[in-house]
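# Structure assessment
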Amino acid sequence: MSNPHKGRTGLDRIIHAAGYSWAGLKAAYSGESAFRQEVWLVLVATPLAFWLGRDWVQVALLLGSLLIVLIVELLNSAIEAAIDRVSFELHDLSKRSKDIASAAVLLALLLAGGIWAAALWQKLAG
């Protein structure tokens, strides 16, 4: 049996996929305070990246590290939503999945923080 949602091709598929992506971003922004805070961090930090970065590679690294935080936060939120869809009952595997996804967000934040700290150090020391 084929999936009725997989029949689109070409431009029609791209348009629908973009709509689903936009809906996901709106859902994350309206329903996840952590994602909302991180979006605002990116908006504030973007002009700083152009001041802090010495060239386009450093600017891309600074902004890319923040984009990774948003991507990982979206995946974390998706995992949490899927687990909550299955059951709100406390279960060791549910907790483990949510904790691991949260740890991924922490690592992404540490990566971004390290990149930004190194760039700031280079800017102020040089």
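Further up the page is the structure itself.
We now turn to the structure provided with this report. Please read these numbers as outputs of a predicted model, since none were measured by experiment.

## What about the overall build of the chain?
Scanning the chain from terminus to terminus reveals four helices and zero strands. Traced from its N-terminal end to its C-terminal end, the chain shows the element sequence α-α-α-α. What you see for the chain is a C-alpha radius of gyration of 18 Å, clearly larger than the 14 Å of a compact globule of 126 residues, by over 25%. On the principal axes, the C-alpha backbone points of the chain span a range of 60 × 45 × 25 Å. Counting the 126 residues in the chain, one finds 21% classified as buried. Split by element, the accessible area of the chain, about 9200 Å² in all, is 70% carbon and sulfur.

## Describing the packing of aromatic side chains
In total, this model carries zero aromatic pairs according to the counting rule given. The ring of tyrosine 29 has arginine 36 sitting right over it, with the charged end atom 6.0 Å from the ring centre.

## Regarding the nonpolar core
Membership of the largest hydrophobic core comes to 19 residues, with the highest contact counts inside it found for Phe35, Ala49, Leu52, Leu62, Leu66, Leu70 and Trp116. At the level of elements, α2 (33–52), α3 (56–86) and α4 (92–125) are the ones that each hand at least two residues to this core. When near neighbours in sequence (up to four residues on either side) are disregarded, leucine 66 contacts Leu41, Val42, Ala45, Ala112 and Trp116.

## Notes on a nonpolar patch on the surface
On the surface, a nonpolar cluster with roughly 520 Å² of combined accessible area is contributed by Val44, Leu48, Trp51, Leu120 and Leu124. Elements represented by at least two residues in the nonpolar patch include exactly α2 and α4. Of the residues forming the nonpolar patch, the biggest block, three residues, is contributed by α2. With respect to the helices and strands, the residue tryptophan 51 is situated in helix α2.

## Re the pattern of salt bridges
The tally for this structure, following the rule as stated, stands at three salt bridges. Of the charged contacts, one joins arginine 8 and aspartate 12 as a salt bridge, the two residues approaching to 3.4 Å between their closest N and O atoms. For aspartate 12, a relative accessible area of 37% gives the class partly exposed.

## Details of the packing of helix α1 (residues 10–31) against α2
Direction vectors running N to C along α1 and α2 enclose 100°, while the axes themselves pass 5 Å from each other. Judged by the inter-axis angle, α1 sits roughly perpendicular to α2. Contact residues: α1 offers Leu25, Ala28, Tyr29, Ser30 and Gly31, while α2 offers Ser33, Phe35, Arg36, Val39 and Trp40. Considered class by class, the residues forming the contact of α1 with α2 number six nonpolar, three polar and one charged.

## Comments concerning α2
Its 20 residues place the ends of α2 28 Å apart at the C-alpha level, agreeing with the 28 Å of an ideal helix rising 1.5 Å per residue. Roughly 35° is the biggest bend found in α2, and it falls at alanine 45, with proline proline 47 one to four residues downstream. Of all the positions in α2, only Phe35, Glu38, Val39, Val42, Ala45, Ala49 and Leu52 are classed as buried. If you follow the buried residues of α2, they end up packed against α1, α3 and α4.

Definitions and cut-offs
Residues numbered from 1 in each chain as written. Predicted model: local features only at pLDDT ≥ 70, side-chain atom pairs only at ≥ 80, totals over all residues. Heavy atoms only, no water. Helix = DSSP H or I, 4+ residues; strand = E, 2+ residues; numbered from the N terminus. Rg over C-alpha atoms; globule rule 2.2 N^0.38 Å. Buried < 20%, exposed > 50% of the residue type's maximum accessible area, 1.4 Å probe, protein only. Areas by Shrake-Rupley, 256 points an atom, 1.4 Å probe, with all protein chains shown as cover. Phe/Tyr/Trp six-rings, centres within 6.5 Å; stacked < 30°, edge-to-face > 60°. Lys NZ or Arg CZ within 6 Å of the ring centre and 35° of its normal. Core = buried A, V, L, I, M, F, W, Y, C linked by side-chain atoms within 4.5 Å. Contact = heavy atoms within 4.5 Å. Patch = residues over 30% accessible without salt bridge, like charges linked within 9 Å, V, L, I, M, F, W, Y side chains within 5 Å. Salt bridge = Lys/Arg side-chain N within 4 Å of Asp/Glu carboxyl O. Axes fitted to C-alpha atoms, helices over the stretch in contact; angles between N-to-C directions. Parallel < 35°, antiparallel > 145°, perpendicular 65-115°, else oblique. Nonpolar A, V, L, I, M, F, W, Y, C, P; charged D, E, K, R; others polar. Expected span 1.5 Å × (residues − 1). Bend = angle between axes of the 7 residues up to and from the residue.

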